[in-house]
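Take a look at the letters that make up each chain.
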Amino acid sequence: MRVSSRQRQFDALVRAHNGDLYRYAYWLCGDPALAQDLTQEAFLRAWRSLDALRETDAAKAWLITILRREHARLYERKSFDTTDISELDLDDRDSLSPEQLGEDSIVRAAMLQLEPKYREPLLLQVLGGFSCEEIARELDLGAAAVMTQLFRARQKLKAMLSGDRSEARA
Amino acid sequence: MNCLEYRRLLGSDPRRESAEMQAHRRGCNGCSSHHAQALGFELALKRALNVAVPDGLAERILLVQTTAERGSNGRRRRQLRWLAVAAVLVAVVGLSVFQLRVFEPLPQQLIAHLGHEPESLLTHTALPAQEVEQRFAQRGVPLIGPLPEGISYAQPCPVGMLASVHMVMPEPEGPVTVFYLPGHETERGNFASGTMHVRAVPMAKGTLALVAADTRHFDALEARWRLTLEGRGDIAAGAL
């Protein structure tokens, strides 16, 4: 069977970016199964409008934009029975696996506690590798506002982590 | 640049340090230490955010996409098939309508045929008898008596499903169209449709049909054609 160049392009896109997109989706919704669905839906939508992608360098930003819209759409359509991340208790370690009891799991729990307006620019910067200007364009904000949110996001994370560590030491 | 500004910029994007920031850091022990801590935090943050991607995620996405695509192609093919079926149906219905017209009663078919050959009514010059005889010969119709005079048009025409010799005889009150339909025997009758009148008469194993707006010459022409086709010049029994 002959594979079209469009299909080959899509294959390459999925293989190159499925990891980044899944992680971004996971940190948006905090649910692994929902993150998989979101990633899949975003890629299917990308397939339908693949002709709109002109530059390879823009692929990741393009996919993340699609994913963010898909995430917003999902929450417009229905509410999900997912964990309310504000209710996650950093000290409630009984439900965590031994592997998760390390440093990473503490940072992850803190990250899920971060308000979306701080979490999203931080994800775009740390996972997506975008600059403040690129994040500002993606979130439709001013560059100065994005810089402030990023600064505060880190401050809040550090505050949560230092509090947790001091409690852990006590 | 002062320490406050340096740390504000570093806190918003620790991995992008401008030349001005680097210059400040190199001359400030406190900010240099802060920079090292910030990079350590970034490393821990990046590692923590780097959650494991489910095995086979890319393959599952591609499977869903290719399956949906094949389904969509199948739908497109099915739509084309339905279009083809619809086209055949339209053709069949169209043909049926045409067939229905073909099987309309003979008088209506004869009148309709005049509309198909309007040029037949334009000429008034009589054709040579030989030419008219040839048309009858083409239809396998023997002529017993002499042809009437003044036939201005003669063609072997199909009328619906029937073969005919289509002729026109100009008269002072208007042309009379004469059809002879060999092998088609019908009952004698007079019909009218709009301004047109039709007389159908069984004659010599066929039917003679006269079509005109004015019927006053029908009797004479019927008698005249009977002479030609049957060899006797009277009007058949039961004439109207």
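That block above? That's the structure.
What you see is a predicted model; the values in this text were computed from it and never measured.

J.: Account for a nonpolar patch on the surface, with residues named and values stated.
T.: Residues and elements named next belong to chain B. A grouping of W82, V85 and L89 is seen on the molecular surface, where their side chains present a nonpolar patch of about 350 Å² in accessible area. For V85, the position within the fold is in helix α4 (residues 57–102). Classification of V85 as partly exposed rests on a relative accessible area of 40%.

J.: Tell me about the nonpolar core, and please be specific about residues and values.
T.: The biggest cluster of nonpolar side chains holds 58 residues, and the ones touching the most others in it are A:W27, A:M111, A:L122 and B:L45. Of the residues forming this core, the biggest block, eleven residues, is contributed by helix α1 (residues 5–29) of chain A. In this structure, A:W27 is in contact with A:R108, A:M111, A:L112, A:R119, A:L123, A:L127, B:A48, B:L49 and B:V51, ignoring residues within four places of it in sequence. Counting 21 residues, the second-largest nonpolar core is a separate cluster that includes B:V132, B:I151, B:V178 and B:M203.

J.: Requested: an account of the pattern of salt bridges, with residues and values cited.
T.: All chains considered together, the criterion is met by 20 salt bridges over all chains. The partner of A:E138 in a salt bridge is A:R68, with the nearest N and O atoms 3.2 Å apart. Of this pair, A:E138 sits in helix α6 (residues 132–139) while A:R68 sits in helix α3 (residues 59–77); the two residues are 70 residues apart in sequence, bridging distant segments of the chain. Judged by its relative accessible area of 17%, A:E138 falls in the buried class. Here B:R188 and B:E222 are joined by a salt bridge, their closest N and O atoms 2.7 Å apart. Here B:R188 is found in the loop between β3 (176–182) and β4 (189–193), whereas its partner B:E222 is found in helix α7 (residues 218–230), with 34 residues between them in sequence.

J.: An account of the environment of A:L34 is needed here, citing residue identities and associated values.
T.: Within the element layout of this structure, A:L34 appears in helix α2 (residues 32–48). Between the alpha carbons of A:L34 and A:Y22 there is a distance of 9.7 Å; along the sequence they are twelve residues apart.

J.: Any chance you could break down the interface of chain B and chain A for me, citing the residues and the numbers?
T.: The figure often quoted for interface size is the accessible area lost as the parts come together. On the chain A side, the residues contacting the 33 residues of chain B number 39 residues. Here chain B and chain A share an interface that buries about 3200 Å² over both sides, 64% of which is from carbon and sulfur atoms. The tally of links from chain B across to chain A stands at two salt bridges. A salt bridge links B:E42 to A:R154; the nearest nitrogen and oxygen atoms lie 2.5 Å apart. At the boundary of chain B and chain A, one finds 15 residue pairs in polar contact (both at pLDDT 80 or more). In terms of residue count, the dominant contributor to the side of chain B that touches chain A is α4(B) (eleven residues). The residue makeup of the side of chain B that touches chain A, split by class, is 16 nonpolar, five polar and twelve charged.

J.: Before we move on, can you summarise the packing of aromatic side chains with the specific residues and values?
T.: With the rule as written, the count across this model stands at six aromatic pairs over all chains. Members of the aromatic cluster, joined through ring pairs, are A:F10, A:F43 and A:W47. Taking the ring centre of A:W47 as reference, the NZ or CZ of A:R6 above it sits at 4.2 Å. Lying across the ring of B:F41, A:K158 places its NZ or CZ 5.0 Å from the centre.

Definitions and cut-offs
- Residues numbered from 1 in each chain as written.
- Chains lettered and ligands numbered in written order.
- Predicted model: local features only at pLDDT ≥ 70, side-chain atom pairs only at ≥ 80, totals over all residues.
- Heavy atoms only, no water.
- Patch = residues over 30% accessible without salt bridge, like charges linked within 9 Å, V, L, I, M, F, W, Y side chains within 5 Å.
- Areas by Shrake-Rupley, 256 points an atom, 1.4 Å probe, with all protein chains shown as cover.
- Salt bridge = Lys/Arg side-chain N within 4 Å of Asp/Glu carboxyl O.
- Helix = DSSP H or I, 4+ residues; strand = E, 2+ residues; numbered from the N terminus.
- Buried < 20%, exposed > 50% of the residue type's maximum accessible area, 1.4 Å probe, protein only.
- Core = buried A, V, L, I, M, F, W, Y, C linked by side-chain atoms within 4.5 Å.
- Contact = heavy atoms within 4.5 Å.
- Buried area = accessible area lost by both parts, 1.4 Å probe.
- Polar contact = N/O pair within 3.5 Å; in protein donor to acceptor, adjacent residues only side chain to side chain.
- Nonpolar A, V, L, I, M, F, W, Y, C, P; charged D, E, K, R; others polar.
- Phe/Tyr/Trp six-rings, centres within 6.5 Å; stacked < 30°, edge-to-face > 60°.
- Lys NZ or Arg CZ within 6 Å of the ring centre and 35° of its normal.

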